[in-house]
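Single-letter residue listing:
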Amino acid sequence: MTPSKEWLDTFDYEMKSIYAVSLEELGWDETFLGRWCDIPPREAAERLGEKYDLIADFADNQPRYFARTEREEILFRTLEKHLIGEQLRKLAQNGDTDTFIKLAQNALNRSK
């Protein structure tokens, strides 16, 4: 059986979210995964992770995991600067200190 593109994409997403590793990094092809595509992608990812002891390899994947987490944080900060930066500039220019502080506090709380 050949897995559908949707199944493969979802399976790849699950592998990345559970084990911080992609299909490309694992080198698993459609022929190999065809034996697993009759079950939901998340369940297949969990079973294959257990079978190939991927959790035990997490220590090896930590640098990649933390690098990805850091990239997500940078992306979040960039988006947030874009979304509220102009609002903060206008409030600062208008002297609306209370609203400026509330907006800045909300932005800080979102990042926690």
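Residues numbered from 1 in each chain as written. Predicted model: local features only at pLDDT ≥ 70, side-chain atom pairs only at ≥ 80, totals over all residues. Heavy atoms only, no water.

A.B. asks: What am I meant to see in the overall build of the protein here?
C.D. replies: A tally of helices and strands in the protein yields six helices and zero strands. Its helices and strands taken in sequence order, the protein reads α-α-α-α-α-α from the N to the C terminus. By the burial criterion, 29% of the 112 residues in the protein qualify as buried. In the protein, 62% of the contacts between residues at least 6 apart in sequence involve partners at least 24 apart. Of the accessible surface of the protein, which amounts to about 8200 Å², a share of 53% is contributed by carbon and sulfur atoms. (Helix = DSSP H or I, 4+ residues; strand = E, 2+ residues; numbered from the N terminus. Buried < 20%, exposed > 50% of the residue type's maximum accessible area, 1.4 Å probe, protein only. Contact = heavy atoms within 4.5 Å. Areas by Shrake-Rupley, 256 points an atom, 1.4 Å probe, with all protein chains shown as cover.)

A.B. asks: Even after reading the chapter, I still don't get the pattern of salt bridges, so can you show me in this structure?
C.D. replies: Between side chains of opposite charge, pairing is possible as soon as their charged atoms come close. A full pass over the atoms with the stated rule returns eight salt bridges. A salt bridge links Arg 42 to Glu 46; the shortest N-O distance between them is 3.3 Å. Of the two residues, Arg 42 and Glu 46 are both situated in helix H4 (residues 41-51); the distance of four residues between them amounts to about one turn of the helix. Close ionic contact of Glu 80 with Arg 77 constitutes a salt bridge, the shortest N to O distance being 3.7 Å. Placement of the pair is Glu 80 and Arg 77 together in helix H5 (residues 58-94), with a separation of three residues, close to one helical turn. Glu 80 sits in the buried class, given a relative accessible area of 10%. Overlapping salt bridges bring together Glu 14, Arg 42 and Glu 46 as one network. (Salt bridge = Lys/Arg side-chain N within 4 Å of Asp/Glu carboxyl O.)

A.B. asks: Honestly, H4 in this entry has me stumped. Any pointers?
C.D. replies: Structurally, the α-helix is built with 3.6 residues per turn, so residues lying three or four positions apart point the same way. Within the span of H4, buried status applies to Pro 41, Ala 44, Ala 45, Leu 48 and Gly 49. Axial view of H4: buried residues confined to an arc of 130°, hence all on one face. Structural note: H4 exposes Glu 50 and Lys 51 on the side pointing more than 90 degrees away from its buried face. Where H4 terminates, the next one or two residues include Asp 53, which has phi positive at roughly 55°. (Arc of directions from axis to C-beta.)

A.B. asks: Explain the side chain of Ser 22 here, please?
C.D. replies: Tracing the chain through its elements places Ser 22 in the loop between helix H1 (5-19) and helix H2 (23-26). Setting aside its immediate chain neighbours within four residues, Ser 22 contacts Asp 12 and Lys 16.

A.B. asks: I'm lost on the packing of H1 against H4 in this one. Help?
C.D. replies: Axes are the key here: two packed helices are described by the angle between their axes and the distance separating the axes. Put simply, H1 and H4 touch, their axes get as near as 8 Å, and they point 50° apart. Classified by the angle their axes make, H1 and H4 are oblique. In this structure, H1 crosses over H4, and the sense of that crossing is right-handed. Contacts between H1 and H4 involve Trp 7, Thr 10, Phe 11, Glu 14, Met 15, Ser 17, Ile 18 and Tyr 19 from the first element and Pro 41, Arg 42, Ala 44, Ala 45, Glu 46, Leu 48, Gly 49 and Glu 50 from the second. When the residues that make up the contact of H1 with H4 are grouped by side-chain class, the tally is nine nonpolar, three polar and four charged. (Axes fitted to C-alpha atoms, helices over the stretch in contact; angles between N-to-C directions. Parallel < 35°, antiparallel > 145°, perpendicular 65-115°, else oblique. Left-handed = near helix turned anticlockwise from the far one by under 90°. Nonpolar A, V, L, I, M, F, W, Y, C, P; charged D, E, K, R; others polar.)

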